[in-house]
Structure formats: structure tokens, C-alpha cells
Amino acid sequence: MPQLPKPTDPVFPGNHIKMFNALLDGSELTLDRDGNRRTAYSLRHTYICMRLMEGADIYQIAKNCRTSVEMIEKFYAAHIKNRLDASAINVRRAKSAPRKQLSEVYQAPVDPEAQDFV
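Along each chain, residue indices are assigned from 1 in the same order as the chain's sequence is written. Two thresholds apply to this predicted model, a pLDDT of at least 70 for residue-level local features and 80 or more for giving and counting side-chain atom pairs, whereas whole-chain, interface and lining totals are computed over all residues. Heavy atoms throughout the structure, all of them, feed into the side-chain values; hydrogens and water do not.

Visitor: Could you clarify how one ought to interpret the overall build of the protein chain in this entry?
Guide: Summing up its helical and strand segments, the protein chain has five helices and zero strands in all. Order of helices (α) and strands (β) in the protein chain, N terminus to C terminus: α-α-α-α-α. Working definition: with a 1.4 Å probe on protein chains only, accessible area under 20% of the residue-type maximum means buried, over 50% means exposed, and in between means partly exposed. When the 118 residues of the protein chain are sorted by exposure, 15% land in the buried category. Counting only contacts in the protein chain whose residues sit at least 6 apart along the sequence, the fraction spanning at least 24 positions is 47%. Split by element, the accessible area of the protein chain, about 10500 Å² in all, is 55% carbon and sulfur. Helix and strand definitions here come from DSSP, where helices need a minimum of 4 consecutive H or I residues and strands a minimum of 2 consecutive E residues; each element is numbered from the N-terminal end. Note on definitions: a residue-residue contact is assigned when non-hydrogen atoms from the two residues lie within 4.5 Å. Here the Shrake-Rupley method, with its probe set to 1.4 Å, supplies the accessible areas, and only the displayed protein chains count as covering residues.

Visitor: Which parts of the structure should I look at to understand a nonpolar patch on the surface?
Guide: Without a salt bridge and with relative accessible area above 30%, a residue can belong to a patch; like charges are then joined within 9 Å and nonpolar side chains (Val, Leu, Ile, Met, Phe, Trp, Tyr) within 5 Å. Salt bridges are counted wherever a side-chain nitrogen of Lys or Arg sits within 4 Å of a carboxyl oxygen of Asp or Glu. A cluster of nonpolar side chains, Val11, Phe12 and Met19, forms an exposed patch at the surface whose accessible area comes to about 330 Å². Among the secondary structure elements, Val11 is positioned in the segment before helix 1 (16-26). You can call Val11 exposed: its relative accessible area is 71%.

Visitor: Explain the packing of helix 2 (residues 40-53) against helix 3 (residues 58-65) here, please?
Guide: Each packed pair of helices is defined by two parameters, the angle between the axes and the distance between the axes. Fitting a line to C-alpha atoms yields each axis, with helices limited to the stretch in contact; the angle taken between N-to-C directions then spans 0 to 180 degrees. Two elements in contact, helix 2 and helix 3, have axes separated by 10 Å at closest approach and are oriented at 160 degrees. Classified by the angle their axes make, helix 2 and helix 3 are roughly antiparallel. Relative to helix 3, helix 2 is oriented so that their crossing is right-handed. On helix 3, the residues touching Arg44, Tyr47, Ile48, Arg51 and Leu52 of helix 2 are Ile58, Ile61, Asn64 and Cys65. Here the nonpolar group is Ala, Val, Leu, Ile, Met, Phe, Trp, Tyr, Cys and Pro; Asp, Glu, Lys and Arg are the charged ones; every other residue, Gly included, is treated as polar. By residue class, the composition of the contact of helix 2 with helix 3 is six nonpolar, one polar and two charged. We call two directions roughly parallel when the angle between them is under 35 degrees, roughly antiparallel when it is over 145, roughly perpendicular when it lies between 65 and 115, and oblique otherwise. For a crossing to be left-handed, the near helix must be turned anticlockwise from the far one by less than a right angle; the clockwise case is right-handed.

Visitor: So what exactly am I meant to see when it comes to the nonpolar core here?
Guide: The tendency in soluble globular proteins is for nonpolar side chains to be buried side by side. If you look at the biggest cluster of nonpolar residues, it comprises 12 residues: Ile48, Cys49, Leu52, Ala56, Ile58, Ile61, Ala62, Cys65, Val69, Ile72, Tyr76 and Ala77. Within the residue set of this core, elements represented by two or more residues are helix 2, helix 3 and helix 4 (69-80). Apart from the residues within four sequence positions on either side, Tyr76 is in contact with Tyr41, Arg44, His45, Ile48, Cys49 and Met71. Buried residues of nine kinds, namely Ala, Val, Leu, Ile, Met, Phe, Trp, Tyr and Cys, make up a nonpolar core once their side-chain atoms join them within 4.5 Å.

Visitor: Help me understand helix 1 in this model?
Guide: The periodicity of an α-helix, 3.6 residues per turn, causes residues three or four places apart in sequence to face the same way. Definition of a polar contact: a pair of N or O atoms within 3.5 Å, with one able to donate and the other able to accept a hydrogen when the atoms are protein atoms, and with sequence-neighbouring residues admitted only if both atoms are side-chain atoms. The backbone nitrogen of Ile17 has a side-chain oxygen 2.8 Å away, supplied by the residue at the start of helix 1, namely Asn15. With its phi angle positive at about 55 degrees, Glu28 sits one or two positions after the end of helix 1.

Visitor: What exactly am I supposed to notice about the pattern of salt bridges here?
Guide: Two side chains that carry opposite charge are able to pair once their charged atoms sit near each other. Counting across every chain of the model gives one salt bridge. Note that Glu54 and Arg51 form a salt bridge whose closest N and O atoms lie 2.8 Å from each other. Residue classification places Arg51 among the partly exposed residues on the basis of a relative accessible area of 29%.

Visitor: Sorry if this is basic, but what is going on with unusual backbone geometry here?
Guide: Trans is the prevailing form of peptide bonds, just as negative phi is the prevailing case for residues other than glycine. For Glu28, which is not glycine, the phi torsion reads 55 degrees and is therefore positive. Among the structural elements, Glu28 can be located in the loop between helix 1 and helix 2. With relative accessibility at 72%, the residue Glu28 sits in the exposed group. Even without being a glycine, Arg66 presents a positive backbone phi close to 55 degrees.

Following this line, the structure appears as C-alpha cells:
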């Protein structure tokens, strides 16, 4: 029976680059639409573009990603400029409910032998 992870266990117990590439291979997402090989850095580009298309504050995105607004405009927003809704950009939205802590979501089983772990 597999053991539950401990709080001190590493998040990525193996080589994270090999794990990421295996995930891409398994989901047939190794190459992007232009034929370029995807890397973990591709996730940054995806995150920034998706947040821009959702109308997120470009200054907050720049702060989160530790880059400048100018870099986002030049290298990210340029790719999606025809898909952006100008009326949705930098609009204040009501705050969502706070996220639950992991301890609130996950309850350890009382009797591990009575549970089936995958």
C-alpha cells in the first residue's frame, strides 16, 4: 500500500525537467503550434497571455512575474493583441472568497486499511 506524503517530502521527488518532459510526451504537447519544443518557461508565456486575455491588471502581472510592463507589451501582448478585449483590461473586480487551506480540504483517513489508495 502506498504511503501518504509527509510534510517534509519534496514536491518533485525526481528530476523536474525529466518529469515535465515526460508529462509533455504523454499528453502529446511536446511541440507548440509553430513546431518549437515546449519548456517549463513556456508555462510563463501561457500564464501571462491567459491573464491578459482575462483582463487582469498588467501591472499586477508584471509584479507577479518580476518583469516590466514594457516587456509584457512587447513580447507577450503582441502575440494576442487581436484577441484582447480592451474594455476588460485593468477593470477592478470584486474579490473572490479566500482559498481553503490544504488542511481544510484534505482529511487523512482514520483507518488506512479501510481505504483504497491509488
